[in-house]
Amino acid sequence: MALPTFSLDNQVVLITGAGSGIGAGIARGLGAFKAAVGCLDQSEDGAFETASAITAAGGRAVALTGDVRDESSMSDAVARLEREFGPLNGALNCAGVHDTSPAEAMTRAQWQRLIDINLTGVFISSQAEGRALIRNGGGSIVNIGSISAHIANRGLSQSHYNAAKAGVAHLSRSLALEWAQQNVRVNIISPGYTATPMAKSPEVWGQVKHLIDDIPLGRMCEIDELVGPAVFLLSDAATYCTGLDLVVDGGAIRW
Ligand SMILES: NC(=O)c1ccc[n+]([C@@H]2O[C@H](COP(=O)([O-])OP(=O)(O)OC[C@H]3O[C@@H](n4cnc5c(N)ncnc54)[C@H](O)[C@@H]3O)[C@@H](O)[C@H]2O)c1
């Protein structure tokens, strides 16, 4: 029997939202697993900081500044990464924003900005990555969703965010089916409440701290606890997984 390999040795992987929080943590984790990592963020400083941390630890990384809403920005980033390290093998789309507003007070601009980044941005990123992976004979895309695709969080007025995350989940399943014959797998990681700048922002933290008591494991997710699920889905240990939604939430939505 051939044992599964979780190795990412020589895999070239693009990560969006790599300048902070979950994306930065997963990027560092993939670097430690020997992937060559393209660290993309709209924050030049953030992308640079994460790429520098990976190279300082002996890994391979390049900082890429880009906006997931912009098609040429994403195709340029893929091309730059491939020039640096060779053909793309995988991608993890983590860039996202958050805010809250009661639905009756939400402006069209507020709704549109969040949908543009958190949903359309995942499509534009996946499209640029998918084109390269199809050309390269296959690969793995992981989209960061959320438990907010499954539940409407108690006490948090974020209808745009919840709708975007539900969209990411079904978009990912759709791409998984469209690209299965081209050997491109597309899966979702749906984190629960994770200790990042986004979750610690005052408007979210005020409510999330009350929700923690309801998590069966009794605490928030640490960023590093998302590295294992990402390595699994990007590696050859997951060659038969596509269209999967891996919920990593300490049991929060199992009650
Ligand atoms: N923190 C949580 O509790 C939690 C839970 C579930 C899902 N998520 C999701 O995880 C992802 C990362 O969240 P986080 O908590 O690490 O947030 P974060 O704010 O720490 O990081 C988000 C990163 O995305 C980047 N970004 C934003 N808009 C961009 C754009 N248009 N183009 C390129 N980069 C852009 C930001 O500059 C930032 O570096 C998001 O998609 C979020 O919805 C977070």
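Note: the structure precedes this text.
What this report covers is the structure whose coordinates are included nearby. Please read all numbers here as calculations on a predicted model, not as lab measurements. (Residues numbered from 1 in each chain as written. Predicted model: local features only at pLDDT ≥ 70, side-chain atom pairs only at ≥ 80, totals over all residues.)

## Brief notes about the overall build of the protein
Argument step 1. Check the secondary structure of the protein and you find seven helices and seven strands.
Argument step 2. Taking 2.2 N^0.38 as the reference for a compact globule, 255 residues should give roughly 18 Å; the C-alpha atoms of the protein span a radius of gyration of 17 Å, in line with that estimate.
Argument step 3. Based on the C-alpha atoms only, the size of the protein along its principal axes is roughly 50 × 45 × 40 Å.
Argument step 4. Each of the 255 residues in the protein was classed as buried or not, and the buried ones make up 48%. (Helix = DSSP H or I, 4+ residues; strand = E, 2+ residues; numbered from the N terminus. Rg over C-alpha atoms; globule rule 2.2 N^0.38 Å. Buried ≥ 20, exposed ≤ 12 C-beta atoms within 10 Å, placed from the backbone.)

## What to know about the site of the ligand
Argument step 1. Around the ligand, the structure places 29 residues, and the nearest of them are G17, G21, G96, T196 and M198.
Argument step 2. Contributions of two or more residues to the shell around the ligand are made by helix 1 (21-32) and helix 4 (108-135).
Argument step 3. At three residues, the largest contribution of residues to the shell around the ligand is made by helix 1. (Near = placed C-beta within 6 Å.)

## A look at the packing of helix 1 against helix 7 (residues 227-234)
Argument step 1. Interaxial distance between helix 1 and helix 7 falls to 9 Å at its minimum, and their mutual angle equals 60°. Relative to helix 7, the element helix 1 is oriented oblique. For helix 1 against helix 7, the interelement crossing comes out right-handed. Residues G25, I26, G29 and L30 of helix 1 lie in contact with helix 7, whose contacting residues are V227, A230 and V231.
Argument step 2. Among the residues making up the contact of helix 1 with helix 7, the classes are represented as five nonpolar, two polar and no charged. (Axes fitted to C-alpha atoms, helices over the stretch in contact; angles between N-to-C directions. Parallel < 35°, antiparallel > 145°, perpendicular 65-115°, else oblique. Left-handed = near helix turned anticlockwise from the far one by under 90°. Contact = placed C-beta atoms within 7 Å. Nonpolar A, V, L, I, M, F, W, Y, C, P; charged D, E, K, R; others polar.)

## Points about the packing of helix 1 against helix 2 (residues 44-56)
Argument step 1. Close contact between helix 1 and helix 2 brings their axes to 9 Å; oriented N to C, the two are set at 25°. Comparing the axis directions of helix 1 and helix 2 gives the class roughly parallel. Considering the relative orientation of helix 1 and helix 2, their crossing is right-handed. Here helix 1 contributes A24, A27, R28 and G31 to the contact with helix 2, which in turn contributes T50, A53 and I54.
Argument step 2. When grouped by side-chain class, the residues that make up the contact of helix 1 with helix 2 number four nonpolar, two polar and one charged.

## Overview of the nonpolar core
Argument step 1. Ranked by size, the top nonpolar core spans 70 residues in total, and within it V13, I15, L30, V37, C39 and A230 carry the most contacts.
Argument step 2. Aside from chain neighbours lying at most four places away, what touches C39 is I15, A18, A27, A47, T50, A51, A61, V62, A63 and L64. (Core = buried A, V, L, I, M, F, W, Y, C linked by C-beta atoms within 7 Å.)

## Some words on the pairing of strand 3 (residues 60-65)
Argument step 1. Sheet topology note: the strand 2 (residues 36-41)/strand 3 ladder contains six bridges and is parallel. Counterpart to A36 in the pairing with strand 3 is R60.
Argument step 2. Following the chain from strand 2 across helix 2 to the adjacent parallel strand 3, one finds a crossover that is right-handed. (Pairing = 2+ DSSP bridges. Right-handed = clockwise from strand over helix to strand, strands pointing away.)

## A look at the sheet that holds strand 6 (residues 184-191)
Argument step 1. If you trace the seven strands from one edge of the open sheet to the other, you get 3-2-1-4-5-6-7, paired in parallel fashion. Only two strands of the sheet have a single partner each, and these edge strands are strand 3 and strand 7 (245-248). For this sheet, the mean inter-axis angle between neighbouring strands, taken without regard to orientation, is 15°.
Argument step 2. Taken together, the four bridges between strand 1 (residues 12-16) and strand 4 (residues 90-93) define a ladder with parallel strand orientation. Its bridge partner being in strand 4, T16 is matched across the sheet by N93.
Argument step 3. Contacting strand 1, strand 2, strand 3, strand 4, strand 5 (139-144) and strand 6, helix 1 runs over the sheet at an angle of about 165° to strand 1.
Argument step 4. Running at roughly 160° to strand 6, helix 5 (residues 159-178) makes contact with strand 5, strand 6 and strand 7 of the sheet.

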